[in-house]
Amino acid sequence: MTLGAVAEPPVRRRGSDYAQLSRRISQAGLLERRPGWYVTRIVLTLGAFVAGWVAVFLLGDSWWQLPLAALMAVATTQVAFLGHDAGHRQMFRRRGPSELVGLLAGNAAVGLSYGWWVDKHNRHHANPNHEDEDPDVGAGALVWTPEQALETRGFGRWMAQRQAYFFFPMLLLEGLNLHVASIRAIVGREDGKYAVPMRHRAVEAALLVAHTAAYVALLLAVMSPVKALLFAVVHQALWGLYMGCAFAPNHKGMPMPTAEDELDFLRKQVLTSRNVRGSRLVDTALGGLNYQIEHHLFPNMPRANLRRAQPIVRAYCVEQGIPYAETGLVESYRQALGHLHEVGRPLRG
């Protein structure tokens, strides 16, 4: 989708527009850290995560391990959300504590490289939905623009024609993809140097090895190899699905700026993002990412403050005449799938 599809052609504005909004947010105290909230969130989330693995150990060689694997997928995703918050320094202002929580949540608990994710996610935040700059919309198993679709060949072209139908099934492989990408980021080299910058490469590698060894050892210690394999398949598949479902509503189907679009920071972030309406249950289920506009405007804002920031940001966008996208969860998926289907139209012509 182009910018012109949802808004009038961009008009050059004063660079102070974002500064004015930032002052309003700051005056409301919404950029202040929430240590008490995060201590409670960490204790509850890690408590559920550890309790789940204790239940796996105690349940033993039983087919009831498979429903438990589904519950562990939910717990694993909630831990990953903590790593996301740490990566944005929503918990602590200082780098050290943020990295410690990120490494423990990402590498040790989930098996996801924190350093790789931070590098990739920062590039996404800098240029959301930009085909050439945002790694989340680069051509791959899915294509996000008609131009990317036309460049596909063979099986990739066949998939691009039908990708909207395969989107959710493909998310079942996202967990595996994240593990593989993490390993490649740690060991991958280009032109004699590491391809992905990483501050604690040796520590990350050690934690990933420890995570994998502990994961395999625990499953094989308490259940048969067949049940252990099925547990891992269910756990990893549903974790990938949950992660994908949490991130998919945020930008997919929203405008995709190009080099010709001259947008200031405020408009670049708002026009490319979509919020998802819902209760506090939705806030918890999506890790606060349902306030995607506010999160992109203020990445280091504590998750607990995003709901309070929303009416301020929305009112300011109305003042400035900036379209503010907000919809229900099901409608957000419909829009994302509609975009994927439309991208493949030139191949079905």
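Conventions used here
Each chain has its residues counted from 1, running along the sequence as written. Reporting of local features is limited, given that this is a predicted model, to residues whose pLDDT is at least 70; pairs of side-chain atoms are given and counted only at 80 or more, and all residues count toward the totals for whole chains, interfaces and linings. Side-chain figures throughout are based on the complete set of non-hydrogen atoms in the structure, without hydrogens or water. All axes are obtained by fitting lines to C-alpha atoms, using only the stretch in contact for helices, and the reported angles, taken between N-to-C directions, cover 0 to 180 degrees. Note on conventions: DSSP H or I runs of at least 4 residues are helices, E runs of at least 2 residues are strands, and numbering of each starts at the N terminus. Orientation labels follow simple angle bins: below 35 degrees gives roughly parallel, above 145 gives roughly antiparallel, 65 to 115 gives roughly perpendicular, and whatever is left gives oblique. Contacts are residue-level and defined by heavy atoms, with any inter-residue pair within 4.5 Å sufficient. Note that Gly is not counted as nonpolar here; it falls among the polar residues with everything else outside the nonpolar set of Ala, Val, Leu, Ile, Met, Phe, Trp, Tyr, Cys and Pro and the charged set of Asp, Glu, Lys and Arg. Centres within 6.5 Å are what make two rings of Phe, Tyr or Trp a pair, Trp counting through its six-membered ring; a difference in plane orientation under 30 degrees is then read as stacked, over 60 as edge-to-face, and the rest as tilted. Residue exposure (1.4 Å probe, protein chains only): buried if accessible area is under 20% of the type maximum, exposed if over 50%, otherwise partly exposed. Polar contacts, as counted here, are pairs of nitrogen or oxygen atoms within 3.5 Å of one another; within protein the pair requires one atom able to donate a hydrogen and one able to accept it, and residues that are adjacent in sequence qualify only if both atoms are side-chain atoms. Here the nonpolar core consists of buried residues drawn from Ala, Val, Leu, Ile, Met, Phe, Trp, Tyr and Cys, with membership extended through side-chain atoms lying within 4.5 Å. The length a helix should cover is 1.5 Å for every residue beyond the first. Patches draw on residues past 30% relative accessible area with no salt bridge. Two like charges within 9 Å are joined, as are two nonpolar side chains (Val, Leu, Ile, Met, Phe, Trp, Tyr) within 5 Å. For the area figures, the Shrake-Rupley method with a 1.4 Å probe applies, and any residue is considered shielded solely by the protein chains shown. A pairing counts as a salt bridge when a side-chain nitrogen of Lys or Arg comes within 4 Å of a carboxyl oxygen of Asp or Glu.

Draft legend 1. Quick peek at the packing of helix α10 (residues 225-251) against helix α15 (residues 329-343). With their axes 8 Å apart at the nearest point, α10 and α15 run at an angle of 75° to one another. Put simply, α10 runs roughly perpendicular to α15. Across the interface between the two elements, C245, A248 and P249 from α10 touch L329, S332, Y333 and A336 from α15. Residues belonging to the contact of α10 with α15 are distributed by class as follows: six nonpolar, one polar and no charged.

Draft legend 2. Representation of the packing of aromatic side chains in the model. This structure, assessed with the given rule, holds 11 aromatic pairs. Where W53 meets F231, the ring centres are 5.9 Å apart and the plane angle is 50°; that geometry is what we call tilted. Taken together, the residues W53 in helix α2 (residues 35-59) and F231 in helix α10 connect sequence positions 178 residues apart. Of the residues examined, W53 reaches a relative accessible area of 16% and is grouped as buried.

Draft legend 3. Looking closely at the side chain of K227. If you trace the backbone, K227 turns up in helix α10. In terms of polar contacts, K227 uses its side chain to reach the side chain of D61, at 3.4 Å. Ignoring sequence-local partners within four residues, the contact set of K227 consists of D61, S62 and W63.

Draft legend 4. A look at the nonpolar core. Within the largest apolar cluster, 35 residues are counted, with the highest numbers of intra-cluster contacts made by W53, V56, W116, L219 and F231. Taken together, the elements giving at least two residues each to this core come down to α2, α3 (65-87), α4 (95-110), α5 (114-126), α8 (174-187), α9 (201-222) and α10. With seven residues, α3 is the single largest residue contributor to this core. Those residues in contact with W53 that lie beyond four places of it in its chain are M72, Y215, L218, L219, F231 and H235.

Draft legend 5. Representation of α5 within the structure. The terminal C-alpha atoms of α5 lie 18 Å apart, and with 13 residues this matches the ideal 18 Å at 1.5 Å per residue to within 8%. Burial in α5 covers these residues: Y114, G115, W116, W117, V118, H121, H124 and H125.

Draft legend 6. A look at a nonpolar patch on the surface. On the surface, a cluster of nonpolar side chains totalling about 410 Å² of accessible area is made up of V50, V54, F57 and L58. Considering the arrangement of structural elements, one finds V54 in helix α2.

Draft legend 7. The pattern of salt bridges, seen in detail. Applying the stated criterion to the full structure yields 12 salt bridges. A salt bridge links R267 to D17, with the shortest nitrogen-to-oxygen separation between them at 3.0 Å. One end of the pair, R267, is in helix α11 (residues 265-271); the other, D17, is in helix α1 (residues 17-27), with 250 residues separating them in the sequence. When its relative accessible area of 7% is taken as the criterion, R267 is described as buried. For R314, the salt bridge goes to E326, with nearest N and O atoms at 2.9 Å. Taken together, the residues span a long stretch of sequence, with R314 in helix α14 (residues 306-320) and E326 in strand β4 (residues 326-327) at a distance of 12 residues. Because the salt bridges share partners, they merge into one network encompassing D17, D264 and R267.

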